[in-house]
2 protein chains.
Amino acid sequence: MYKYGLSVKFRSTENNAQKLSSILLKASELVSRAKGCQLYLVSIDSEDPDTVWSTEVWDSKEDHDNSLSVIGVKELISQAMPLFAAPPEKVKEIKILGGYGINP
Amino acid sequence: MYKYGLSVKFRSTENNAQKLSSILLKASELVSRAKGCQLYLVSIDSEDPDTVWSTEVWDSKEDHDNSLSVIGVKELISQAMPLFAAPPEKVKEIKILGGYGINP
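The shown structure was predicted, so the numbers you read here are calculated from the model rather than taken from an experiment.

Chemist: I keep staring at the interface of chain A and chain B and nothing clicks. Help me out?
Modeler: Quoted interface sizes are often the accessible area lost when the parts come together. Taken together, the contact between chain A and chain B spans 31 residues of the former and 31 residues of the latter. At the boundary of chain A with chain B, total buried surface from both sides reaches about 2,700 Å², with 60% on carbon and sulfur atoms. Of all residues in chain A, A:Lys92, A:Leu97 and A:Tyr100 bury the most surface against chain B, accounting for 24% of the area lost on that side. Inspection of the chain A/chain B interface yields zero salt bridges. Scanning the region where chain A abuts chain B turns up 16 residue pairs in polar contact (both at pLDDT 80 or more). Secondary-structure elements contributing two or more residues to the side of chain A that touches chain B are helix 1 (17-31), strand 2 (37-45), strand 3 (51-58) and strand 4 (89-100) of chain A. Note that strand 2 of chain A and strand 4 (residues 89-100) of chain B share six bridges and pair antiparallel.

Chemist: Sorry if this is basic, but what is going on with the relation of the copies chain A and chain B here?
Modeler: Related by rotation about an axis and a shift along that axis, the two copies of the chain form a pair. Rotating chain A by 180° and moving it 0.0 Å along the rotation axis overlays it on chain B with an RMSD of 0.0 Å. Here the transformation between the copies is reduced to the relation of a two-fold axis. Of the interface residues in chain A, 100% have counterparts in chain B that sit at the interface too, so the contact is made through matching surfaces.

Parameters and conventions
Residues numbered from 1 in each chain as written. Chains lettered and ligands numbered in written order. Predicted model: local features only at pLDDT ≥ 70, side-chain atom pairs only at ≥ 80, totals over all residues. Heavy atoms only, no water. Contact = heavy atoms within 4.5 Å. Buried area = accessible area lost by both parts, 1.4 Å probe. Salt bridge = Lys/Arg side-chain N within 4 Å of Asp/Glu carboxyl O. Polar contact = N/O pair within 3.5 Å; in protein donor to acceptor, adjacent residues only side chain to side chain. Helix = DSSP H or I, 4+ residues; strand = E, 2+ residues; numbered from the N terminus. Pairing = 2+ DSSP bridges. Least-squares fit on C-alpha atoms with pLDDT ≥ 70 in both.

Set out below in structure tokens:
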């Protein structure tokens with residue numbers, strides 16, 4: 001069974017990337033305790049300062065989907081929504097074969 | 001100073017994704033010992049079976065660039081080249097603000 005990897009692109013309204021990323025950093029704290037969470041990084045795009053990325057690894061897609069019901073996550077999502085210039089976009093869904101840096 | 005994140009897309013010739021990913025998995029072993037390597041995952045795209053991804057986190061872009069001179073990496077790259085349907089593509093370069101799953 002492959003681990004599930006995911007990259008989500010969040011386009012923020014102008015100059016709100018820092019605000020949006022701090023909300024996502026809070027979310028990463030919450031979901032880090034959820035079953036199957038191996039990695040949840042929050043980043044700013046190197047070329048576009050209004051684009052924030054999540055880079056995620058989960059034991060399964062199901063674990064990822066279940067994490068949306070972790071207490072506090074829905075509140076954070078509603079805080080973030082006014083800062084979106086476009087809906088979040090799943091840019092990359094991957095089946096992780098292996099490598100270095102997360103638990104096998 | 002932000003950690004440097006990188007996603008590289010490798011398009012393999014038909015039915016060679018498995019062969020290509022095993023070469024990249026060997027590369028991940030070599031570069032995992034390089035200075036500043038925090039994460040080097042090898043994955044297959046969930047929708048396109050001929051697309052292989054690396055998902056990387058380095059302490060700096062410089063550390064990443066230096067890792068290309070790790071002994072054995074150039075040989076692996078030359079093994080992989082005949083399997084490319086297109087040149088590798090840096091799809092996402094990111095400045096990592098934080099989150100869960102790698103050393104702060």
